[in-house]
Amino acid sequence: MIPLSRLATLAAALLLLAAPLAAQTPLAPHQQLAREVYKELVEINTVDSVGSVTKAAEAVARRFRAAGFPEQDVRLLVPEGKPTKGNLVVRYRGRGRGKPLLLLAHLDVVAALRSDWTIDPFVLTEKEGYFYGRGTSDDKAMASIFVANLLRDKREGWVPERDVILALTADEEGGDANGVEWLIAHHRDLIDAAYAINEGGGGSLRGGKPFSNSVQAAEKVPVNFTLTASNRGGHSSVPRPDNAIYQLARALGALERFKFPVQLNDVSRAYFERTAALETPAVGAAMRALVANPADSAASAVVSADPRYNSMLRTTCVATRLAGGHAYNALPQTATANVNCRIVPTQTPEEVKATLARVFADTGIRITETVPIREKSGAAPSPLTAEVMGPVTEITRSMFGANVPVIPQMSTGATDGRFLRAAGIPTYGVSGIFSDPTDARAHGRDERLLVKSFYDGQEFLGRLVHALAGGKGGPRA
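Residues numbered from 1 in each chain as written. Predicted model: local features only at pLDDT ≥ 70, side-chain atom pairs only at ≥ 80, totals over all residues. Heavy atoms only, no water.

Participant: How do you make sense of the overall build of the protein when you look at a structure like this?
Facilitator: Helix and strand counts for the protein come out as 15 helices and 19 strands. For the protein, the spread of C-alpha atoms along the principal axes amounts to about 90 × 70 × 50 Å. Expressed as a percentage of its 477 residues, the buried residues of the protein come to 51%. The long-range fraction of contacts in the protein, counting pairs at least 24 apart against all pairs at least 6 apart in sequence, stands at 79%. Split by element, the accessible area of the protein, about 21700 Å² in all, is 55% carbon and sulfur. (Helix = DSSP H or I, 4+ residues; strand = E, 2+ residues; numbered from the N terminus. Buried < 20%, exposed > 50% of the residue type's maximum accessible area, 1.4 Å probe, protein only. Contact = heavy atoms within 4.5 Å. Areas by Shrake-Rupley, 256 points an atom, 1.4 Å probe, with all protein chains shown as cover.)

What follows is the structure in structure tokens.
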């Protein structure tokens, strides 16, 4: 028999174990809706090569139609000959005062092999405080949040001052039918807006706590060049000084040693100004020195030691693929390399190509476009206006703490925002979704997003859209 005192102790322990479960707050209806949309989208395979973005767009369209949106305001647009690359454009009608606000998210995802993952990548799995699944962070969280928030707004009677447009698109990650590029070319009137809210920014956690919130207002342009060295070849038993592989290797060695000059713009300048306060004294001082004088080589060396900062200071070009020769016992007739360049907004691909030619200093190295360049260079960074930055800052401080800075950012990667900016639509990557930058899993194995961050992002974006679109009624008026 267990003594009464022992039973009392056991009972107390069980109560303590049960307390956290009992204390969990049940999801509010709008949060439950967001989770349902999230689950539906994650579990529709939208990989470029094997999935269907159209299927996901159709699923969302059904929700808007069921909510009472007129047929003419729920447009499923599929490029000719691309049946799986459909795009959805939904217009939430307001009072028509001013140009609309565009909300953008892509529905396609990077490929994921079940054998690589510890769970099924196309099943939304919630465990240990995270949502797991392909697209949970890139970009189906924002898509689901936008959908759920607009459906809630409709149900609760929000009437914005300006129209709000939602565009859910295909082929941001790759493929031959980029939805934003196609919509601009064929349906510009449906997505034309004063400015857009997109992915590309977000909050950073340090030690599990909000540390900073970024707003992407510029991004680098991706371009690939093929380097080719050619030679008449011959028998490997009679080597000659003119060898295509060695010639290409010398060019790549020159590229390795070369750094493009520092080129700042309004966004990257603001980034380093504000990040300086968060860095070590030495790095912070170097950042401030570079903002004052981009030609300061000593300061550049300090900041560039961090690969992340280096890529935000300048155009970068790096070798990513290599091939050469045709037989083990023959001198190489051809050697090729792919060089991937990420070009700052103030440069053009033509300027970068000319720079590479000067760096190689070898007319025997042919530089060609790996694929035809469709990128539009020279798009101005989105202006850091008070109209946008003010609400972002206010909501960040209200939700995450007065000491959490809002930092403008130039992405070193690329989003669909680059097409909008090139078309004259300022675009801001901001989500209010916080994550640990040391646990970045987008495009990788076991992609995941903190459950709390998902719902925080829903609240943040709901408040931000209301602040930017104005109007009366609804849950956040």
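Participant: Please clarify how the sheet that holds strand E5 (residues 130-132) should be interpreted in this entry.
Facilitator: Sheet strands pair by backbone hydrogen bonding; their relative direction is either parallel or antiparallel. Strands sit in the order E4-E5-E19 across an open sheet of three strands; the sheet is antiparallel. Unpaired on one side and paired on the other, strand E4 (125-127) and strand E19 (448-450) mark the two borders of the sheet. Here the strands of the sheet are splayed against their neighbours by 25° on average, with no regard to which way each runs. As paired elements, E4 and E5 share three bridges and run antiparallel to each other. Each residue of the ladder has a partner; that of Thr125, found in E5, is Tyr132. Lying on the sheet, helix H15 (residues 451-469) is in contact with E4, E5 and E19; it crosses E19 at an angle near 70°. (Pairing = 2+ DSSP bridges. Axes fitted to C-alpha atoms, helices over the stretch in contact; angles between N-to-C directions.)

Participant: Please clarify how the state of the cysteines should be interpreted in this entry.
Facilitator: Covalent bonding between the sulfur atoms of two cysteines is what defines a disulfide. Across all of its chains, the model carries one disulfide by this definition. The disulfide partner of Cys317 is Cys341, and the gap between their sulfur atoms is 2.1 Å. An S-S torsion of about 115° defines the bridge between Cys317 and Cys341 as right-handed. With Cys317 in strand E12 (residues 316-324) and Cys341 in strand E14 (residues 334-343), the pair connects residues that are 24 residues apart, well separated along the chain. Assessed through its relative accessible area of 13%, Cys317 is described here as buried. (Disulfide = S-S within 2.5 Å.)

Participant: Is there a simple way to explain the packing of aromatic side chains in this structure?
Facilitator: Centre distance and the angle of the planes are the two values used to describe a pair of aromatic rings. Applying the stated criterion across every chain, the model contains 16 aromatic pairs. Centre to centre, the rings of Phe400 and Phe460 are 6.4 Å apart; their planes meet at 35°, and the pair counts as tilted. Remark: Phe460 occurs in helix H15 and Phe400 occurs in helix H13 (residues 386-400); sequence separation between them is 60 residues. By relative accessible area, which is 0% here, Phe460 ends up buried. The structure contains a cluster of three or more aromatic residues connected by ring pairs, namely Tyr38, Phe131, Phe454 and Tyr455. Above the plane of the ring of Phe69 lies Lys154, whose end atom (NZ or CZ) is 5.2 Å from the centre. Lying across the ring of Tyr130, Arg448 places its NZ or CZ 3.6 Å from the centre. (Phe/Tyr/Trp six-rings, centres within 6.5 Å; stacked < 30°, edge-to-face > 60°. Lys NZ or Arg CZ within 6 Å of the ring centre and 35° of its normal.)

Participant: How should the confidence of the model for the protein be read in this particular structure?
Facilitator: Low pLDDT means the predicted atomic positions in that stretch should not be read closely. Taken as a whole, the protein shows an average pLDDT of 93; of its residues, 94% reach a score of 70 or greater. pLDDT under 50 marks residues 1-23. Its contacts with residues more than four places away, or in other chains, come to one contact. (pLDDT = per-residue confidence, 0-100.)

Participant: What am I meant to see in the environment of Pro437 here?
Facilitator: Along the polypeptide, Pro437 turns up in the loop between strand E18 (434-435) and E19. Residue classification places Pro437 among the exposed positions, given a relative accessible area of 52%. Distance in space between the C-alpha atoms of Pro437 and Thr118 is 21 Å, their sequence separation being 319 residues. With near-sequence residues (within four places) excluded, Pro437 lies in contact with Ser204 and Leu205.

Participant: Please clarify how the pattern of salt bridges should be interpreted in this entry.
Facilitator: Pairing is possible between side chains of opposite charge, provided their charged atoms come close. Here the structure, examined in full by the defined rule, presents 29 salt bridges. One salt bridge in this structure joins Glu375 and Arg418, with 2.7 Å as the shortest N-O distance. Placement of Glu375 in the loop between strand E15 (365-369) and H13 and of Arg418 in helix H14 (residues 417-422) is noted, with a sequence separation of 43 residues between them. A residue is classified by how much of its surface remains accessible, and Glu375, at 14% relative accessible area, is buried. Ionic pairing is found between Glu459 and Arg463, a salt bridge with its closest N-O pair at 2.8 Å. Highlighted residues: Glu459 and Arg463, both in helix H15, separated by four residues, approximately one helical turn. What makes Glu459 partly exposed here is its relative accessible area of 24%. (Salt bridge = Lys/Arg side-chain N within 4 Å of Asp/Glu carboxyl O.)

Participant: Any chance you could explain the packing of H13 against H15 here in plain terms?
Facilitator: For any two helices packed against each other, one specifies the crossing angle of their axes together with the interaxial distance. Packing of H13 against H15 leaves a shortest axis separation of 10 Å and a crossing angle of 145°. As for how H13 packs across H15, the hand of that crossing is right-handed. Residues Glu387, Val388, Pro391, Val392, Ile395, Thr396, Ser398, Met399 and Phe400 of H13 pack against Asp456, Glu459, Phe460, Arg463, Leu464, Ala467 and Leu468 of H15. Among the residues forming the contact of H13 with H15, the class breakdown is ten nonpolar, two polar and four charged. (Left-handed = near helix turned anticlockwise from the far one by under 90°. Nonpolar A, V, L, I, M, F, W, Y, C, P; charged D, E, K, R; others polar.)

Participant: When you look at the side chain of Glu447 in this model, what are you seeing that I'm missing?
Facilitator: Within the secondary structure, Glu447 is located in the loop between E18 and E19. Residue Glu447 is classed as buried on the basis of its relative accessible area of 0%. Not counting residues within four places of it along the chain, the set of residues in contact with Glu447 comprises Trp117, Phe131, Tyr132, Gly133, Arg134, Gly135, Thr136, Ser137, Asp138, Arg441 and Ala442.

Participant: When you look at the sheet that holds E15 in this model, what are you seeing that I'm missing?
Facilitator: Pairing is antiparallel across the open sheet formed by four strands, whose spatial order is E12-E14-E10-E15. Here the strands that pair on one side only, and so sit at the sheet edges, are E12 and E15. For this sheet the average axis-to-axis angle between neighbouring strands, irrespective of direction, equals 25°. Helix H7 (residues 244-257) contacts strand E10 (221-230), E12, E14 and E15 of the sheet and is inclined by roughly 15° relative to E14.

Participant: Sorry if this is basic, but what is going on with helix H4 (residues 140-156) here?
Facilitator: Residues separated by three or four positions in an α-helix point in the same direction, a consequence of the helix having 3.6 residues per turn. Helix length check: H4, at 17 residues, gives a terminal C-alpha distance of 24 Å against a target of 24 Å (1.5 Å per residue), a fit within 8%. Summarising burial for H4: 14 of the 17 residues are buried, a large majority. Positive backbone phi, approximately 85°, marks Gly157, located one or two places after H4. (Expected span 1.5 Å × (residues − 1).)

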